[in-house]
Each structure stands twice: as structure tokens, then as C-alpha cells.
2 protein chains.
Amino acid sequence: MIHFRPIFFALGLMLCTLASAMVLPAVIDVADGHENWRVFFTSAVFTFFIGGLLILVANDDSPPRLGVKEGFFLTTLCWIVLTAFAAIPIAGLGLSYTDAYFEAMSGLTTTGSTVLTRLDDLPRGILLWRAILQGLGGLGIIVMAIIMLPFLRVGGMQLFQMEQSDRSEKVMPRAAELTLAIAGIYLAMIVACIAMYRLFGMTPFDAICHGLTTVATAGFSTHDESFGFFKSAPLEWICIFFMILGALPFVVFIKAIRGHPSALLKDTQVRGFLMFLGSVCLIMSAWLATVHGLPFGEALRKATFNVTSIVTTTGYASDDYSQWGPFAVGIFFLLMFVGGCSGSTSGGIKIYRLQVTSLLTRSHFVHLMSPNRVVTLVYNGRRLPSDVPFSVVAFLAIYMSTVGLFTVTLAAMGLDLVTALSAAAQAVGNVGPGLGDYVGPSGNYASLPSAAKWVLSAAMLLGRLELFTVLVLLRIEFWRN
Amino acid sequence: MIHFRPIFFALGLMLCTLASAMVLPAVIDVADGHENWRVFFTSAVFTFFIGGLLILVANDDSPPRLGVKEGFFLTTLCWIVLTAFAAIPIAGLGLSYTDAYFEAMSGLTTTGSTVLTRLDDLPRGILLWRAILQGLGGLGIIVMAIIMLPFLRVGGMQLFQMEQSDRSEKVMPRAAELTLAIAGIYLAMIVACIAMYRLFGMTPFDAICHGLTTVATAGFSTHDESFGFFKSAPLEWICIFFMILGALPFVVFIKAIRGHPSALLKDTQVRGFLMFLGSVCLIMSAWLATVHGLPFGEALRKATFNVTSIVTTTGYASDDYSQWGPFAVGIFFLLMFVGGCSGSTSGGIKIYRLQVTSLLTRSHFVHLMSPNRVVTLVYNGRRLPSDVPFSVVAFLAIYMSTVGLFTVTLAAMGLDLVTALSAAAQAVGNVGPGLGDYVGPSGNYASLPSAAKWVLSAAMLLGRLELFTVLVLLRIEFWRN
């Protein structure tokens, strides 16, 4: 049996938090003298009312019991319901609810695809709201990835259980303490990012909005030209630095703060991520410098910014890289699948899964040449738990099938192959921009049919919750006793 | 140490066989009174000379010793060298050696991509030669997949060892007997196919050429319009039947002949393949009938023919299916990855690998809901050997990475994303046609840059030899003692 009471209680708490967050855009719209503050205020009251009701109904003196099943159900439900409420003030702007839901999902999942155009002319309240959604979404993801997913053993995440000895069936009681540590580090990064942006020339408002969406590797901008609006090399380098920070495993940050600063340099995933990112940036820079004749400094910056933006699944663009020729387009397409590190705000397949797969492949080569040799799989200095390879493999299989299925679904709605394929891949990877005229870095998702927006919303949700968290709910066995 | 002597001896034998095969096109060109017979005759003499030389040099009274390393080396070397000689008479037509090598590789790997245009005006000798190459290639693949690959344990092929008790380090001595059985079945199918084609209206020459390339699931035609030239429903249904036969596991045919006819119906792979193929054909038929308004009979035939052609990796086209809209294009793109059954002439990932992966994924779902339950993986009525899942996973990872790498390489040569991606996917899967204006079902590979043709030749070779057979040679450890 699933215990619904603690689930509704937790959901109520989160709705109240969301409602409180809606007050901020209302305040800024009041300060600007913009009518739109009413939308935010009404939405806040409504959301707070529903959230409060849930808390009252589900409140109970017995200690909350969250088992595996409750964990799956709560995580998926939260994301769907919070998105539904977060979309209300966006719909209040005059958009259809489909568009608003898409935008809110893109925000909370830190994807960064947008259906809004003429961003520069919008009231500041809505721009702030989009940034806040991504900031909250980013925090939610890290907490989920560090506390919930290892406990649920989704897609090999058991590899990152903070306490290897703690293998009880209940979420560890230290969850609150960990959440605080994560939130502290996350907030500190955002503040540092905002300060740097301000220092190098952004307006305070732009600095706040971009600070929130950079560390969350999310990608909403306050300008139609995205990050290209600022035309500032120092700002781009600052952004690169904080996008990378956001894509690193927060578990390692916690370890570093707890007195093991070397953890950051010794971690296999961090090293693999930085080496991979560095190589791709260098290759792309060389391509831009030689084939497209850019001065090397400019080539290095443009390549590094856009490659980092896609690999960390942020999705800012400083340039329309679809104009960089087929080679660059091919690379950017593949990069949509990679993603950052586990327990970060980035999406995609993630580095550790690629590393585990590469371990398996290498051991198969050894096995081919010497069938009788036994190969021990070692990852990050520890022997790989026996269930991790299968979990990773199941994840990869479902990941690729999901992208394939969404591609065909979008194609059935009339999207051409490049658009359908890249839109599906970016949505499941929570990247933001796709490829082609419609969904590419200089395009906009507004022109897609309504059905496609719902499909992409589902794809973003699936990808964000590491697929299995959602898919497990679709199995009959889950609902049996 | 690798023993080169038996390798060269085997290679010599195969070159002499190839040389004998070259006599047939020479004969038909003589009969047609076409000058081109000289090309085939000279090529035959040259190939026979080199082959004979190798046999003489490498002949040895000691029994041949073929271990694992010799197996890998021989298999890869054979395919490269035989292609080099098979290309000579094609180059004699006035083509560049690049084009000739591409065409020969496409023939021997039963891919079916062509750089030749105006097929209908070519001398019949060359058309027959292309068909013979695919016929020989198909036989070579089945023998390799049934005798060599399970012994080499490539990509989970150990699942199909004919004798489960025979786990010695040497290729089983019953290889000759098995090869004869395979060749007998294969030849019987080709003869039956030719007879049916003739009966339903093909010229004897067309029937022979298409009989060879149908059962080999290869796809070279004698007409620019491919199978669409015949405009005959019965011929298309016959072709569908024999393409499916060619894509079924020959091991099961052998079992059926040895007194277990029910093996064909009970085999998990056969059932999975037929069910998958049937579902896709029905979906595509429904799409053509409803959205494109075709009469259902015509829709069923067109859909079944072209879907079967791609899934079995044959590559005939009866229609330009890229005109069927984005949904069909999306489906055809994904179908390029699937392939037929193991131990058949078809390419792609192959059904059993997808089935094993799906077993892993389902067991992960069970594991997620009940972490302590132990799940036994059962495939085709037997417990899955413990090394098979990892082999399959390593194969899938390398397969996708190879397609990705070839896509980027082709894109760097200036091919657009759809062309590069579909050309890479079809080449590694040995399908034949890709997507887009250049390499699509109504396009031609002639227009690609020379470098791209070499890259695609390498991709066809890699895919045909199940990747690992070639890649293992690129590892330093392989050459160490």
C-alpha cells in the first residue's frame, strides 16, 4: 500500500513555498508600476490556499513514513503539480495554458526552452518568475539527486549514496541536514555569480536573473538574443565558470567543505567531465579558427561558451552555432546526449554513466582476447557494486528508446526529422535549444503545434526525473500490494 | 604470437574462389558480345595468381592452428583483401578505385549502397558481378556468424554456440560440416527465389541477380528504379517472403532440417522479429491508408515491402518513402538500427541484442520496486550465461558511439546532419539507402566526396564484422605476446 498522507503533506509544503516565491515578481511589478502584479498576487493566494488545504488535510501526528513507493510517487507528482501551479501566472500574461505549462515545465526542469518572444518588452515580473522557477528547480534537482535517487537506486545512482553503510529501507534521517548543506552551497554560488555579473557590467536585474539561471544550468535569459545580448567577453567567461560549477557533483562540494578539498580534484567523474569538456572546446575552437578564419581568442571564447552551454545542458547561446557548418552541427547534436555530473543541476545521460559503460566495454575487449581472465570493475577507487552496471545499462537503453519514441511522435505531428530528433534529444536531456529553423538556437518553440508542446513537456519531466522515477509508476506491479 | 601461415593459406583459398567467380561475368559478357569480358578475365587471372601464390607460400603439412587471435585477424583481413580484389573488375569499368572499392565493399558486406548510375545501360557482366558479390558476401557472413563469432564471443554471440558443451579454445572441428549445411540451405533458398521470380515474370537474368541479392538481404538491383522497376505486386510479395527468410537465424533452419521443424516457431528471436516486423508494417500501412489516402491493399504492400527491406537491411526500394512525410521518415530512421536475427545475412543491432537489453531493463524495474528480489534472466528457455549481458551492452555502446563518430566525420566533410547521420547509421547497419536528397532511396552515393566513400567503406566493414572483430585489432594488447 502507498501512504498518501505524507505525500500530500510534503506536496502542500512545496506549494506554499512556490506561493511565497510568487510574491517576489508581484513586488517588482508593483515597483515598476506594472498592472501585471495582480496576476502574481492572485496566483500566490490561490496556490497558498490549495497548499495550506493539503497541509491541513494531511497533517498527522504520527511520524512520516516514506518508503520506496512513496518516494517514486511523491517525486513525480511534485514535479507535475508544481508545474501546473507555476504555470498560472505565466498564463495570466495572455498565453494559452499549453504554452504556460510548457514554459513552467521548461523552467522547473531547468531545460530552458521557451515559447515567449520579445522578452525585452515583457514586464520584469514575469522575467524574474522564469528565473526563480529555474533557480528553485535546480535546487530541487540536486536535493532529489543526492537524497532521493540513490535511495530509489535509479539508473545506477546507488553509486552515490552518501553513507555506504546506510542501506536501510527508509530515506536517511540526515536528509534535512544534507538539504541545508546543499542549499547553502547552491545559494553561495548564485550570490557569487550575481556579484560577478554585476561587477562586469550587467544591470542588477539582469545579474540576478542570469545568476539564478546560470548556476541552475537552466538557460532562460531576459533577452531575445540570450547571452549574446551582452556582447562582453568577461561576462561570457564568468558564465562559463559558473555553468561548469553547476554541472559538477554537489556531493563532492560537500566533501570539500567538510575538510576534504582534494576530493574535487580526485573525483573520477569531475576529472572525466573536465577532460571531455576541455577536449571538445579545443577541437571546436580549432575548427572555428582554421575553417572559419576567426582569431584564435575569439574562436576559443565562442566555442567554449556554446559547447559548455550545451554539455552542461544550460542552453544559453552567444551565437547561432547552427551557422558554423555541418561539422559543428553534428558535434552539437551528439553533445545534447552527454550532460554533466550526477548530483548536479545538469541533465543528459551524465558522465558517470558513460564512464561505467566505457569500463564495461573495455572489460569486454579484455574478455575477447583472454576469455578466462577475470576483470574487476573499479570506479572512483572503489569496486563497482554488482547492480550498478545493469542499472546504468537499463538507463541507457530506456534513454535512447525514449528519445526514439519522442522523435517518432513529434514527426507524426509534422515536424521534420532534424527538428523532431533534436527537440526530443534536448528535451529528454533538459538542454534547451535543438537544431534546425524552428527549435534551433535562434528559433523558438512557440511555432510548434500544441500537441508537440505537451509531448515535449512530458519529455522534459521524464528526463529530469531520470526516466525510471516516472516510468515505474506506469507498471501495474507498482500499484499492487 | 599470431600464426600467420594458416591465415595466409585460408586467404589464398578464398582469393581463388573469388577468381573463379569472376569467370561467370566474363562468360556472360562474351555471350553478349561485350568487350568488357576482358576486364573480368584479366582480373580473374591476376586474382588467381595472387591467391595461388599465397597457398603455395603458406602451405604446410602441420595441422592448421586457428586460435582466438588468428580468428579475429583472419576475419578482418579477409574482408579487406577480398574487397580490394573484387573491386578490380569494377574499376575496369572506368570508375575511380575509390568508387570501385566502395561498390565492392557494399557488395561483399551485403549493404547495397551504390555509386553506379544508369544501371540499365551497363553491360550485364558487371550487374551479375555485383549480384555474385552479394551472394558470396551473404554466405560468408552466415558462416562467420555461426562458426566464428560465437567462438570469438563477440557482442554476446556466444549465446549461439551450436554445441553448448564445446568450449575448447579451438574452432570446432565440425566447422566444415556446418559450413556445408549452411551453404546447402542458402543455395536452396536462392534457387527457390530465382524460380519464383522467373515464374512471376522476371527475365532469367533479372531473376538470377535479384535472387542472389534478395536472400543475401543485400539490395543491389539491375535497374535504377530498384525493385520499383517491376511494378508487380506478386513479385514484391515474393521478395518480402525471401527477405524475411534471409533475416532469420540459419541455426534454426539447420535444427529444423535435422528433425526439429518446431524450432522455427519456438525460437524467441524468430518470434520477436516477426512480431516486431508485423507491428511496424501494420502501423505504416495504417498511416499510408489514412493520412495519405492509399487503398488499404496498396498501402499494406508498399509499407510491408519498404519496411521489410529496411528492417532486414536489404535496401531495395519500391517507392521513394522519403515522400511519405516526416512520421514515415522518422520511423525509417529508427528502423535502420534494428536489423534482423543473429546468424543471418542481415545487419543492424539485431533482434536478440534488443531482447537481451529489454530483459535487463525489465529486471531493473523489478529491482527498483523490490530491491531484495533476485531476478534470473531467461532467454529462449535457457538461463542467460553471465557474460552475455555485458557483451551485449558493450556492443550497443560501441555501436552507438561508432555511428556518432562516423556522423561527425562525415559532417566534417560537409555533409548535412540528416545525410551524415543516416549514411553513418545505414552503413554500420549494412542497410543500403539513407535519408535525404543525396543518400536517400532515390539518391546515389556517387555524389559524395571521395573521403566520405572511404569512411563509409570502413563503416560497412565495421558493422558487418560486428565491430569488435575489427576494433580488437586496434588494441596494443592484441599484438603483445
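Owing to the predicted nature of the structure, the values given are computational and were not obtained by experimental measurement.

Caption draft 1: Focus on the nonpolar core. A:Trp129 and B:Trp129 are the most contacted members of the largest nonpolar core, which totals 350 residues. With near-sequence residues (within four places) excluded, A:Trp129 lies in contact with A:Leu18, A:Ala21, A:Met22, A:Pro25, A:Phe40, A:Ala86, A:Pro89 and A:Ile90.

Caption draft 2: Examining the relation of the copies chain B and chain A more closely. Overlaying chain B with chain A gives an RMSD of 0.0 Å, the required rotation being 180 degrees about an axis along which the chain moves by 0.0 Å. Taken together, the turn and the small shift mark the pair as related by a two-fold rotation axis. The overlap is high: 100% of the interface residues of chain B also sit at the interface in chain A, so the same surface is used on both sides.

Caption draft 3: Here's a closer look at a nonpolar patch on the surface. Residues and elements named next belong to chain A. A surface patch of nonpolar side chains, about 280 Å² in accessible area, is lined by Phe4, Phe8 and Trp479. Tracing the backbone through its elements, the reader meets Phe8 in helix 1 (residues 4-31). For Phe8, a relative accessible area of 32% gives the class partly exposed.

Caption draft 4: Representation of the packing of helix 4 (residues 97-108) of chain A against helix 5 (residues 124-152) of chain A. All names here are of chain A. The contact between helix 4 and helix 5 brings their axes to 7 Å, and the two run at 45 degrees. Overall, the two elements helix 4 and helix 5 adopt an arrangement that is oblique. Facing Glu103, Ala104, Ser106, Gly107 and Leu108 of helix 4, the residues of helix 5 in contact are Arg130, Leu133, Gln134, Gly137 and Ile141. Classifying every residue of the contact of helix 4 with helix 5 gives 4 nonpolar, 4 polar and 2 charged.

Caption draft 5: Representation of the pattern of salt bridges. Considering all chains together, one arrives at 28 salt bridges over all chains under this definition. Residue B:Glu466 pairs with B:Lys350 through a salt bridge whose shortest N-O separation is 2.6 Å. Of this pair, B:Glu466 sits in the loop between helix 18 (450-464) and helix 19 (468-471) while B:Lys350 sits in the loop between helix 13 (326-338) and helix 14 (351-369), and the two are 116 residues apart along the sequence. By the burial criterion, B:Glu466 is buried, and B:Lys350 matches it. Three or more residues are tied together by salt bridges with common partners; here these are A:Glu298, A:Lys302 and A:Asp319.

Caption draft 6: Molecular detail of the interface of chain B and chain A. With 52 residues of chain B in contact, the opposing surface of chain A contributes 52 residues. In terms of surface lost to chain A, no three residues of chain B exceed B:Phe365, B:Leu368 and B:Met369, which account for 15% of the buried area on that side. Our count for the chain B to chain A interface comes out at 6 residue pairs in polar contact (both at pLDDT 80 or more). Looking at the side of chain B that touches chain A, the elements that each hand over two or more residues are helix 3 (68-91), helix 13, helix 14, helix 15 (388-412), helix 16 (417-428), helix 19 and helix 20 (476-479) of chain B. Of the residues in the side of chain B that touches chain A, the class split is 35 nonpolar, 10 polar and 7 charged.

Caption draft 7: Geometry of unusual backbone geometry. Residues and elements named next belong to chain B. Even without being a glycine, Lys350 presents a positive backbone phi close to 85 degrees. Residue Leu467 is not a glycine yet carries a positive backbone phi of 60 degrees. The topology assignment puts Leu467 in the loop between helix 18 and helix 19.

About the thresholds
- Residues numbered from 1 in each chain as written.
- Chains lettered and ligands numbered in written order.
- Predicted model: local features only at pLDDT ≥ 70, side-chain atom pairs only at ≥ 80, totals over all residues.
- Heavy atoms only, no water.
- Core = buried A, V, L, I, M, F, W, Y, C linked by side-chain atoms within 4.5 Å.
- Buried < 20%, exposed > 50% of the residue type's maximum accessible area, 1.4 Å probe, protein only.
- Contact = heavy atoms within 4.5 Å.
- Least-squares fit on C-alpha atoms with pLDDT ≥ 70 in both.
- Patch = residues over 30% accessible without salt bridge, like charges linked within 9 Å, V, L, I, M, F, W, Y side chains within 5 Å.
- Areas by Shrake-Rupley, 256 points an atom, 1.4 Å probe, with all protein chains shown as cover.
- Salt bridge = Lys/Arg side-chain N within 4 Å of Asp/Glu carboxyl O.
- Helix = DSSP H or I, 4+ residues; strand = E, 2+ residues; numbered from the N terminus.
- Axes fitted to C-alpha atoms, helices over the stretch in contact; angles between N-to-C directions.
- Parallel < 35°, antiparallel > 145°, perpendicular 65-115°, else oblique.
- Nonpolar A, V, L, I, M, F, W, Y, C, P; charged D, E, K, R; others polar.
- Buried area = accessible area lost by both parts, 1.4 Å probe.
- Polar contact = N/O pair within 3.5 Å; in protein donor to acceptor, adjacent residues only side chain to side chain.

Note that every value here comes from positions in space, so none of it alone points to a role or purpose.
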